[in-house]
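An overview of the molecular structure
Chain residues, written in single-letter form:
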Amino acid sequence: MAQDSTQPAPGTAPAASARALLPTIVPALLVGVVTSLVLLGVSAAAEELQHALWQDLPDALGVGRYSVAWMFAMLTATGVAVGLVVWKVPGHAGPDPATTGLEAPVLPLSVLPGLLLVTALVLAGGPSLGPENPIIAVNVSLAVWFGARAFPATARRGWVALAEAGTIGALFGTPVAAALVISEALAGQRVKGQLWDSLFAPLAAAGAGALTTTLVSEPSFDLHLPPFGGPGWADLLASLVVASVGALLGMCAVYAFPYVHGAFRRLRHPMLMLPAGGVVLGALAAVGGHLTLFKGLDEIAELAADPDGWTAGEFAVMTVVKLAALVVAASCGFRGGRIFPSVFVGTALGLCAHALVPGVQPAVGVSAAVLGVLLAVTRQGWVSLFVAAVLVASPGMLALLCLASLPAWLLVTGRPHMQLRPDGTAVR
């Protein structure tokens, strides 16, 4: 007997109906717009503060904007300011950032003002962290709190997924990144209906977040590196080697992370841990220069604008210093994410490979190195591929990156993550 075509095939879950999916659109769009506005608001405030701290104030004092003394003073002062907030503000700016990742906990509303304040201070003050982790935590908490009151029938996990997707879409200016992250998170889980049913509302939130960000700030990740034509065998070999080196370098940071965190935890008080972290970051900035400060997104554009403007040794120093600064900033209590600083590490490493071996095209070296470092630091395969690919606007690069991800993944899979449990042990 022929099978009824209206019935699901054996072993497949029935798809959700349009009537079930349509009511999710409006809440998803609202969440996406709000998550983007929160990100844009914190970023705008941080940019104004950064301009005041690193341009207006040193100019008024007659001090060099990025002199060693000023970098050291500003990073130490940032540690003191963040330490005061973590110590005195209700909620202590959330949990230890070394224990959190992109999947954020739902925090009480009383914690969010302090978390937003320290995020802006970190973005403006120079520590090597991005906005993603704390902004996702804030948006998730707001979405759960308001969503549970406006739409009590919607499950809490649904609001979490919408806020995470909206924020990731806003961060990267495209919903594709959010769809990849959620697809990876759903792998191995028991999904009700088909996969696209589960992605429907988060994709709407991510699209709204990305469009809001694009309309306001027009973000772009393309580094405008020298044009890359069709990939050749030399490019394949270079991508395989550079991605593997990036993964190994990233794993050095991962293995050092619990030890550095443990050293700062012995100080026991945020007014000791964070200023001490600021002092160490100031010393690193003195070695690596001002390009190794901040989250790194503007700085990679400066590196890419002149791939031959630094020697291999200078690129190598910036690579190591930025990676060390990322480990220190994430270990001592500064709130922030690790994706954007990791992109700087990969960019500097890729340009170092080009400087050492001119046959390694800058686009190939940068994309492959970013892929390897991100795989080690985030353990997010799709996000690592996506970020590495959008840095270079070339369809031919994607095939190289997919192949380069294989040996790099073998080097990182099954090993500790750059995230700790509350007892200080590494997550695996």
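Data block above holds the structure.
Our subject in this report is the structure included herewith.

Calculation criteria
Residues numbered from 1 in each chain as written. Predicted model: local features only at pLDDT ≥ 70, side-chain atom pairs only at ≥ 80, totals over all residues. Heavy atoms only, no water. Helix = DSSP H or I, 4+ residues; strand = E, 2+ residues; numbered from the N terminus. Rg over C-alpha atoms; globule rule 2.2 N^0.38 Å. Contact = heavy atoms within 4.5 Å. Lys, Arg positive; Asp, Glu negative; His and termini not counted. Charge placed at Lys NZ, Arg CZ, Asp CG, Glu CD. Buried < 20%, exposed > 50% of the residue type's maximum accessible area, 1.4 Å probe, protein only. Salt bridge = Lys/Arg side-chain N within 4 Å of Asp/Glu carboxyl O. 1 Å grid on protein atoms, 1.4 Å probe; cavity = no way out; pocket = protein on both sides within 12 Å on 5 of 7 lines; lining within 4 Å. Points joined across faces, edges and corners; volume = space filled by probe spheres on them. Polar contact = N/O pair within 3.5 Å; in protein donor to acceptor, adjacent residues only side chain to side chain. Expected span 1.5 Å × (residues − 1).

Once that is clear, we can look at the overall build of the protein. Along the backbone of the protein there are 16 helices and zero strands. In terms of overall size, the protein behaves like a compact globule, its C-alpha atoms giving a radius of gyration of 22 Å where 428 residues would be expected to give roughly 22 Å. Across its three principal axes, the protein shows a C-alpha extent of roughly 80 × 55 × 40 Å. Considering only contacts within the protein whose residues lie at least 6 apart along the sequence, 77% involve residues at least 24 apart. Separation between the mean location of the 19 positive side-chain charges and that of the 21 negative ones in the protein comes to 18 Å.

Backbone geometry places Ala93, a non-glycine residue, at a positive phi of 60°. Examined against the element boundaries, Ala93 turns out to sit in the loop between helix H3 (68–88) and helix H4 (112–125). Owing to a relative accessible area of 1%, Ala93 belongs among the buried residues under this scheme. Positive phi values are uncommon outside glycine, yet Phe294 reaches one of about 65°. Among the structural elements, Phe294 can be located in the loop between helix H10 (270–288) and helix H11 (297–305). Phe294 sits in the buried class, given a relative accessible area of 4%.

Within the structure shown, the criterion is met by two salt bridges. Residues Asp59 and Arg65 are paired through a salt bridge, measuring 2.7 Å at the closest nitrogen-oxygen approach. Among the ionic pairs, Glu164 bridges to Arg157, the shortest N-O distance being 3.8 Å. In this structure Arg157 comes out as exposed when scored by relative accessible area, which is 51%.

Let us now look at the environment of Arg19. If you trace the backbone, Arg19 turns up in helix H1 (residues 18–21). Residue class for Arg19 comes out exposed when judged on its relative accessible area of 74%. In this structure the C-alpha to C-alpha distance between Arg19 and Phe264, which are 245 residues apart in sequence, comes to 53 Å.

Our focus in this paragraph is empty space enclosed by the protein. A full pass over the atoms with the stated rule returns three cavities of 30 Å³ or more. Size it by volume and the largest cavity reaches roughly 130 Å³. Ranked by residue count, the leading element in the lining of the largest cavity is helix H5 (residues 132–150), at three residues.

Quick look at the layout of surface pockets now. The volume enclosed by the second largest pocket comes to roughly 820 Å³. If you go around the second largest pocket, you meet 36 residues; those closest to its centre are Ser43, Glu47, Lys295, Leu297 and Asp298. Elements with a minimum of two residues in the lining of the second largest pocket: helix H2 (25–61), H4, helix H6 (156–172), helix H8 (195–217) and H11. Top contributing element to the lining of the second largest pocket by residue count: H2, with nine residues.

All right, on to the side chain of Arg379 then. Within the secondary structure, Arg379 sits in the loop between helix H14 (362–378) and helix H15 (381–390). In this structure the side chain of Arg379 is engaged in a polar contact, spanning 2.7 Å, whose partner is the backbone oxygen of Pro416. When sequence neighbours within four positions are dropped, the list of residues in contact with Arg379 reads Glu184, Met251, Val254, Leu374, Trp409, Val412, Arg415, Pro416 and His417.

Okay, the environment of Arg156 next. Among the structural elements, Arg156 can be located in helix H6. Sequence separation of Arg156 and Val140 is 16 residues, and the distance between their C-alpha atoms is 9.9 Å. Not counting residues within four places of it along the chain, the set of residues in contact with Arg156 comprises Val106 and Val144.

Right, let's talk about H14 for a bit. Here H14 is 17 residues long and its end C-alpha atoms lie 23 Å apart, about the 24 Å a rise of 1.5 Å per residue gives. With 17 of 17 residues buried, H14 lies mostly within the body of the structure. A positive phi of about 60° marks Arg379, the residue just after H14.

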